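Single-letter residue listing:
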Amino acid sequence: MQIYMVGGAVRDKLLGRPVNDHDWVVVGATPEQMRALGYLPVGRDFPVFLHPETREEYALARTERKSGRGYRGFVVQSSPDVTLEEDLARRDLTINAIATSADPSSATGHFDPYGGERDLHDRVLRHVTDSFREDPVRILRVARFAARFTDFTVAPETMQLMREMVAHGEADHLVAERVWQELARGLMEERPSRMFEVLRACGALAVVLPEVDRLWGVPQRAEYHPEADTGVHLMRVLDMAARLQAPLAVRFACLTHELGEKLGSEKLGSDSNFSNFPIGHGQRSAKRLQALCERLRVPTECRETADVVAREHGNIHRSGELGAAALVRLIERCDGIRKPARFDEILLACECDARGRLGFEEAPYPQRQRLREALAAVQSVATSVIAARAAQAGVTGQKVGEMIHAARVQAVAAWPGLAPAPGA
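Residues numbered from 1 in each chain as written. Predicted model: local features only at pLDDT ≥ 70, side-chain atom pairs only at ≥ 80, totals over all residues. Heavy atoms only, no water.

We now examine the nonpolar core. In terms of nonpolar packing, the biggest core is built from 100 residues, with Met162, Phe196, Leu209, Phe252, Leu255 and Ile316 touching the most fellow members. The residues contacting phenylalanine 196, other than those within four sequence positions of it, are Leu183, Leu187, Leu205, Leu209, Met235, Leu238 and Leu255. (Core = buried A, V, L, I, M, F, W, Y, C linked by side-chain atoms within 4.5 Å. Buried < 20%, exposed > 50% of the residue type's maximum accessible area, 1.4 Å probe, protein only. Contact = heavy atoms within 4.5 Å.)

What follows deals with the packing of helix α12 (residues 248-256) against helix α16 (residues 340-355). It is the contact of α12 with α16, at a shortest axis distance of 9 Å, that shows an interaxial angle of 45°. It follows from the interaxial angle that α12 and α16 lie oblique. Considering how the two elements wind past one another, α12 and α16 form a crossing that is right-handed. Touching Ala249, Val250, Ala253 and Cys254 of α12 are Glu345, Leu348, Ala349 and Cys352, all from α16. Taken together, the residues of the contact of α12 with α16 sort by class into seven nonpolar, no polar and one charged. (Axes fitted to C-alpha atoms, helices over the stretch in contact; angles between N-to-C directions. Helix = DSSP H or I, 4+ residues; strand = E, 2+ residues; numbered from the N terminus. Parallel < 35°, antiparallel > 145°, perpendicular 65-115°, else oblique. Left-handed = near helix turned anticlockwise from the far one by under 90°. Nonpolar A, V, L, I, M, F, W, Y, C, P; charged D, E, K, R; others polar.)

Let's shift gears to unusual backbone geometry. Even without glycine at this site, glutamine 245 takes up a positive phi of about 55°. For glutamine 245, the position within the fold is in the loop between α11 (230-243) and α12. A relative accessible area of 68% means that glutamine 245 is categorised as exposed. Notably, aspartate 335 is not glycine yet its phi reads approximately 60°, a positive angle. By the secondary structure assignment, aspartate 335 is in the loop between α15 (324-333) and α16.

This part takes up the pairing of strand β5 (residues 57-60). Where strand β2 (residues 23-27) meets β5, three bridges bridge the pair, whose relative direction is parallel. Residue pairing for β5: valine 26 is matched across the bridge by leucine 60. Looking at chain direction, strand β4 (residues 48-50) and β5 are connected through three bridges and run antiparallel. Paired with valine 48 across the strands is alanine 59, a residue of β5. Hairpin connection of β4 to β5: six residues between the antiparallel strands, including arginine 55 at a positive phi of 65°. (Pairing = 2+ DSSP bridges.)

Here the focus is the state of the cysteines. Enumeration according to the criterion identifies zero disulfides in this entry. Here cysteine 302 is not cross-linked by a disulfide; its sulfur's nearest cysteine counterpart is in cysteine 293, at 8.4 Å. Residue class for cysteine 302 comes out buried when judged on its relative accessible area of 4%. There is no disulfide at cysteine 334, and the cysteine sulfur nearest it, in cysteine 350, is 7.8 Å away. (Disulfide = S-S within 2.5 Å.)

If you want it as structure tokens, here you go:
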């Protein structure tokens, strides 16, 4: 039995990056031997075991053979005869196909049969073998790694292989759970825009996220959006979200807030800093977002935050012009009173949208603080006291809600920050 550390742990150690998780492969062992040593079997599709002390995963060396379409279309073979080189051959990228012995006294050092260390040095994402084409999830993984390793490029032959996979329909068989898993991880990388650049370059974005793919080439008015292209703007907003260390729900909202954009001259509303918003823009965005979320089974938190941002980001941008009654209605539509933490995430997404415009990266976004303070004024209203008074007066139902709403408007009207935001 020989044990090797493999995959991302070896890669990140060689790159001088923090190593958070270790993956181990065991060569020359059987499941019975692993259990006899106290390892706990947990693998469903192939033999994986948890170490009896560290609880880290140890997988028996295995090979894979394509048996059908999609992520699960494989026959897995694991036996003591499978070599380390054979196990590494099934991995996606050369930089993930490096192994190092778990025995510190071993003279083997790094086992690198596919040139992974060279590609680490040259900053290249390159597939290991042609079997890469058998798993469409690898397209998403390459794109995600491009977002993480921002100075790496995709090898031309790997990009061509991914194009062929898309053309042959492999990407059509991606399952929703895996698409969302890789998308969510890519959104949280250092430069998420690179994930979408790679997916566009190989044609996969049109398959997995056609609502987003169609936004390239859709123009925006250059005097308000100097980048002038909706898709380009979207990528800048995503990278601003990464720069501001936004959580996943905010980044997903940034990705999907412009799904309702379309060609046309009919416009609604304007201010000195932001483009006019097309009539029905927010509702179209929300409708397309709903279909996307259902298809990919997006978690509720991300779905709800993105929905509010899609519908209300234009109104939040223009909130510096709003009076007390309109501000309270906006906060209520955003459900800010019940969910203040989510409301703050919504405001952060809008700041990313505003500062994602070319030339506005360092511009202030006073709307965020102004709406925070307006929410604080709304929250200062003692609704229980109003409800008690209403009960004493025999007032019930909708009238009580109207009394509370009026009191909130009055509180915001008395708030010193009601004056228009600077630059509004």
